Amino acid sequence: MADTILVVDDEAAVRQVLAAYLERAGYRPVLARDGAEAASLFDTGRPDAVILDLMLPGLDGWELLRRWRAESAVPVLVLTARTEETDAIVGLRMGADDYVRKPFSPGEVVARMDALLRRARRPPEAATGPLVRGELRLESESRQAILAGQPVELTASEFDLLMALAAHPGRVFNREILLSFLRGESFAGYERTVDTHIKNLRRKLRDDPQRPRWIETVHGVGYRFVGPPA
């Protein structure tokens, strides 16, 4: 059965173009023209992923994202019309998995959606078992993070970044390499995405960047995991 992608945008032309490209890629698009319609379709249809315009009339994309993240880890790709990255960064901090700025290539949007769904459904590593770093436990099969016995709610992107870093304590990863863990290849110009996901991880792990317990910034290079090796 084809994956259902909820496309939320108040511009009819954008909805139609994305629907055509998604259908061509084998997806089943469901279209919403505003926040209220999107909320209803999400509740009744439970899509496999969402393409969400942040600038919606009435119930906007930020509020939809906040509601959905409170109950679901469904992959969300946000669209923003602004030339600066402010809206996209806010969206990522609220739990979006990736973003694309308008005007965009529909083919790129589909490629990013492919990557998000692959990552969300990535099969577990064969017989690797949990990765334990002190009080932090990462369950590869269930894709669950547990800190001091308490579950930590992570998006698929956040879990993949944390797993990549924690698997190699002390190793410095630059942003381009970390992007490859997220998408399987490097997308130039979106390295700020990594920074935002790292900020989210630090907040959820209660990690102080000035005195890091888990993730350390290596200025001018990238990040490394500084937690206990085993």
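Residues numbered from 1 in each chain as written. Predicted model: local features only at pLDDT ≥ 70, side-chain atom pairs only at ≥ 80, totals over all residues. Heavy atoms only, no water.

1. Digging into the sheet that holds strand β8 (residues 144–147)
Sheet strands pair by backbone hydrogen bonding; their relative direction is either parallel or antiparallel. What counts here: Strand pairing requires that DSSP identify at least two bridges connecting the strands. Labels follow the DSSP assignment, with helices taken as runs of H or I lasting at least four residues and strands as runs of E lasting at least two, numbered in each case from the N terminus. In this analysis, axes come from line fits to C-alpha atoms, helices being fitted only over the stretch in contact, and the angle between any two N-to-C directions falls in the range 0 to 180 degrees. In this description, contact between two residues means that some pair of their heavy atoms is separated by no more than 4.5 Å.
An order of β6-β7-β8-β9 is seen for the four strands of this open sheet, with the pairing classed as antiparallel. Bordering the open sheet on either side are β6 (131–133) and β9 (150–152), each of which pairs with just one other strand. Neighbouring strand axes in the sheet, compared pairwise and without regard to direction, differ in orientation by 25° on average. Bridge count for strand β7 (residues 136–139) against β8 is four bridges, and the pairing is antiparallel. Note that in β8 the partner of Glu-139 across the bridge is Gln-144. Packing against the sheet, helix α6 (residues 156–166) makes contact with β6, β7 and β8, and its axis sits at approximately 115° to β7.

2. Some points on the sheet that holds strand β10 (residues 172–174)
One open sheet accounts for three strands, arranged β10-β12-β11; its pairing is antiparallel. Edge positions in the sheet fall to β10 and β11 (215–218), since each has one partner strand and no second. Between one strand axis and the next, the sheet turns by 30° as a mean value, whatever way the strands run.

3. Observations regarding the pattern of salt bridges
A side chain with one charge may pair with a side chain of the opposite charge, provided their charged atoms come close. We count it as follows: Each reported salt bridge corresponds to a side-chain nitrogen of Lys or Arg within 4 Å of a carboxyl oxygen of Asp or Glu. Buried, partly exposed and exposed residues are distinguished by accessible area as a fraction of the type maximum, computed with a 1.4 Å probe on protein chains only: under 20%, between the cut-offs, and over 50%, respectively.
What the rule picks out here adds up to 16 salt bridges. Between Lys-102 and Asp-53 there is a salt bridge; the shortest N-O distance is 3.4 Å. Of this pair, Lys-102 sits in the loop between β5 (98–101) and α5 (106–120) while Asp-53 sits in strand β3 (residues 49–53), and the two are 49 residues apart along the sequence. Summarising the burial analysis for this pair, Lys-102 and Asp-53 share the class buried.

4. Some remarks on the pairing of strand β2 (residues 28–32)
Regular strands show a simple pattern: their side chains alternate between the two faces of the sheet. The pairing of strand β1 (residues 4–8) with β2 spans five bridges and is classified as parallel. Bridging from a neighbouring strand, Ile-5 pairs with Pro-29 of β2.

5. A few points about the pairing of strand β4 (residues 76–80)
So the rule is basically this: Classification remark: right-handed applies to a crossover when, strands pointing away from the viewer, the course from the first strand over the helix to the second runs clockwise.
Most of β4 is tucked away: five of the five residues are buried. Burial of β4 is two-sided: the residues Val-76, Val-78 and Thr-80 facing one way and the residues Leu-77 and Leu-79 facing the other way are all buried. Relative to β4, β3 runs parallel, the two sharing four bridges. Counted as the bridge partner of Val-50 is Val-76 from β4. In this region the chain leaves β3, passes through helix α3 (residues 61–69) and returns to the parallel neighbour β4; the handedness of that crossover is right-handed. Looking at chain direction, β4 and β5 are connected through four bridges and run parallel. Pairing of Leu-77 across the sheet is with Asp-98, part of β5.

6. With respect to helix α4 (residues 86–93)
Within α4, burial applies to Asp-87, Ala-88, Ile-89, Gly-91 and Leu-92. Downstream of α4 by one or two residues, Gly-95 has phi in the positive range, about 120°.

7. Some remarks on the packing of aromatic side chains
Rules: Put simply, two rings from Phe, Tyr or Trp (the six-membered ring, in Trp's case) pair if the centres are within 6.5 Å, and we call them stacked under 30 degrees between planes, edge-to-face over 60, tilted for the rest.
According to the stated counting rule, one finds two aromatic pairs in the structure shown. Taking the centre distance of 4.5 Å and the plane angle of 15° together, the rings of Phe-42 and Trp-68 count as stacked. Of this pair, Phe-42 sits in helix α2 (residues 35–45) while Trp-68 sits in helix α3, and the two are 26 residues apart along the sequence. In this pair, the class of Phe-42 matches that of Trp-68, namely buried. Between Trp-214 and Phe-225 the ring centres are 5.9 Å apart and the planes differ by 35°, which places this aromatic pair in the tilted class.

8. Re unusual backbone geometry
Where the residue is not glycine, phi is negative for most of them; where a peptide bond is considered, it is trans in most cases. Look at the link from Lys-102 to Pro-103: it is a cis peptide, with omega at -10°. Topologically, Pro-103 is positioned in the loop between β5 and α5. Positive phi outside glycine occurs at Arg-143, with the angle close to 55°. In this fold, Arg-143 is placed in the loop between β7 and β8. The phi dihedral of Ala-148 is positive, around 50°, even though this residue is not glycine. Since its relative accessible area comes to 44%, Ala-148 is described here as partly exposed.

9. Description of the confidence of the model for the protein
Rules: As a per-residue measure, pLDDT reflects the predictor's confidence and takes values from 0 up to 100.
Mean pLDDT for the protein: 85, with 90% of residues reaching 70 or above. The low-confidence segment residues 184–189 (pLDDT under 50) makes nine contacts with residues lying over four places distant or belonging to another chain.

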